[in-house]
Amino acid sequence: MRFGVLSTAAIGIDSVIPGIQASPHEVAAIASRDGDRAAAVADRLDIPTSYGSYEQLLDDDTLDAVYIPLPNGLHAEWIRAAADAGLHVVCEKPLTASAEETAAVFDYCEERGVTLMEAFMYRYHPLTERAVEVVDDELGPVRNVTSTFTFRMPDGAEDIRLDPELAGGSVMDVGCYAVSAARLFLGDPDRVYATTTDRRDCGVETETAAVLSYGDGASARLQSGFETPLTQYYRVETTDGWLRAEPTFDVGVDNPTELTYAVDGREVTERFDPVDHYRREIEQFADCVDSGATPRVDRTESVAIMRVIDALYESARTGQPVELD
């Protein structure tokens, strides 16, 4: 499969493009609104073709798919443009800025016969796959999930993640992973409550704390933020034990990781060698395009995650819990 990349964002340059290039697939073109920038990146990463506009790349009829790492607020526009060009789409998380818009872009892509997938790369890491297996097969019913993803953004940073016009904020950047993990182990909540803080007076929240409540009394506690050192983990509490994984979301492709679980007085630690989960994500996406199968991160999951995020923002705005239908 021949991929084009819309923008020279760091996540693409540092992680996803190398992942595609390590796979049986190819990065055939890259575009930027700055043609010189696109050409320089193409030369550095051995990408055959560069374009000085996104429109030019989408007109390249040798491509099969695009990867979109643009700012959150631009995702929906360029997903639709790619679909209009008949290109399959892998787009960075969060897919759009609302559940309604997420459902709409899936409709748009389905109508045009192209596959759309949200790029939650951690879902393809063997650590995550094993954690789900342990919780499902070796532990009892889940009663609580705690999930955190924070990092310290430098003071005075001029960063698109601090721009409300581009759907910035800690929940949209890293908190979506915590929401994804809670849903992975507990499913969709019945009620959410959240508090947020804008410590930088930038118009988006830079710290968020939330509680998700479930009809059977189970709960999840989530935290995201730009104000404290890098922390990324989840802990799952069950009726007969627990599981903890760290680091778990943005695991470096050259770094090992591990999970530990305990059940009936027995504690087990399992270690995982370095894995390129970006490569695994792309390979699964391409397999789905080829076979017509539904990607692991599918429409149902992407819309459900955004429904929770929408409710978190509503709760923070109103100061009240929000019920999810």
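See above for the structure.
Residues numbered from 1 in each chain as written. Predicted model: local features only at pLDDT ≥ 70, side-chain atom pairs only at ≥ 80, totals over all residues. Heavy atoms only, no water.

## Remarks on the overall build of the protein
Okay, so step 1: Scanning the protein for helices and strands turns up nine helices and 15 strands.
Okay, so step 2: Its C-alpha radius of gyration of 20 Å places the protein within 12% of the 20 Å reference for a compact globule of 325 residues.
Okay, so step 3: The principal-axis extents of the C-alpha atoms in the protein amount to approximately 55 × 40 × 40 Å.
Okay, so step 4: Sequence-distant contacts, at least 24 apart, represent 65% of the contacts inside the protein between residues at least 6 apart.
Okay, so step 5: Carbon and sulfur atoms make up 43% of the accessible area of the protein, which amounts to about 13,500 Å² in all. (Helix = DSSP H or I, 4+ residues; strand = E, 2+ residues; numbered from the N terminus. Rg over C-alpha atoms; globule rule 2.2 N^0.38 Å. Contact = heavy atoms within 4.5 Å. Areas by Shrake-Rupley, 256 points an atom, 1.4 Å probe, with all protein chains shown as cover.)

## Looking at the nonpolar core
Okay, so step 1: One finds L212, Y234, L243 and L312 to be the most contacted residues of the largest nonpolar core, which totals 81 residues.
Okay, so step 2: When residues in this core are grouped by element, the largest group, eleven residues, is from helix α7 (residues 170-186).
Okay, so step 3: Setting aside its immediate chain neighbours within four residues, L243 contacts A131, V134, V135, L139, Y234, R235, V236, L259, T260 and Y261.
Okay, so step 4: Counting residues in hydrophobic clusters, the runner-up holds 29 residues, among them A31, L63, I68 and A83. (Core = buried A, V, L, I, M, F, W, Y, C linked by side-chain atoms within 4.5 Å. Buried < 20%, exposed > 50% of the residue type's maximum accessible area, 1.4 Å probe, protein only.)

## So, helix α9 (residues 299-318)
Okay, so step 1: Across its 20 residues, α9 extends 28 Å between first and last C-alpha, which sits within 8% of the 28 Å expected from 1.5 Å per residue.
Okay, so step 2: Buried within α9 are the following residues: E301, S302, V303, A304, I305, M306, V308, I309, A311, L312 and S315.
Okay, so step 3: Here the buried face of α9 lies against α5 (99-111), β6 (116-119), α7, β8 (191-197), β9 (207-213) and β15 (322-323).
Okay, so step 4: Where α9 begins, one side-chain oxygen reaches toward the backbone nitrogen of T300, 3.3 Å away; that side chain belongs to D298.
Okay, so step 5: Downstream of α9 by a residue or two, G319 has a phi angle that is positive, lying close to 75°. (Expected span 1.5 Å × (residues − 1). Polar contact = N/O pair within 3.5 Å; in protein donor to acceptor, adjacent residues only side chain to side chain.)

## Remarks on the environment of A42
Okay, so step 1: Checked against the element boundaries, A42 lands in helix α2 (residues 35-45).
Okay, so step 2: The spacing of A42 and A31 is eleven residues in sequence and 9.0 Å in space, taken between C-alpha atoms.
Okay, so step 3: Those residues within four positions of A42 in sequence are excluded, and the remaining contacts are I30, I47, T49 and S50.

## A short note on the packing of helix α4 (residues 75-84) against α5
Okay, so step 1: Where α4 contacts α5, the axes come no closer than 9 Å and their chain directions differ by 10°. Considering the angle they form, α4 stands roughly parallel to α5. Contacts between α4 and α5 involve A76, I79, R80, A83 and D84 on the former and, on the latter, E101, A104, V105, Y108 and C109.
Okay, so step 2: Its residues assigned to classes, the contact of α4 with α5 shows seven nonpolar, no polar and three charged. (Axes fitted to C-alpha atoms, helices over the stretch in contact; angles between N-to-C directions. Parallel < 35°, antiparallel > 145°, perpendicular 65-115°, else oblique. Nonpolar A, V, L, I, M, F, W, Y, C, P; charged D, E, K, R; others polar.)

## Digging into the sheet that holds strand β10 (residues 219-225)
Okay, so step 1: Strand order in the open sheet formed by nine strands is β14-β13-β12-β11-β7-β10-β9-β8-β15, and the pairing between neighbours is mixed. Only two strands of the sheet have a single neighbouring strand rather than two, namely β14 (266-272) and β15.
Okay, so step 2: Alignment of strand β13 (residues 257-263) against β14, held across seven bridges, turns out to be antiparallel. The residue of β14 that forms the bridge with Y261 is V268.
Okay, so step 3: Relative to β13, helix α6 (residues 126-137) is tilted by about 5°, and along the sheet it contacts β7 (142-152), β11 (227-238), β12 (241-246), β13 and β14.
Okay, so step 4: Sheet strands in contact with α9 are β8, β9 and β15, and its direction is about 60° off that of β8. (Pairing = 2+ DSSP bridges.)

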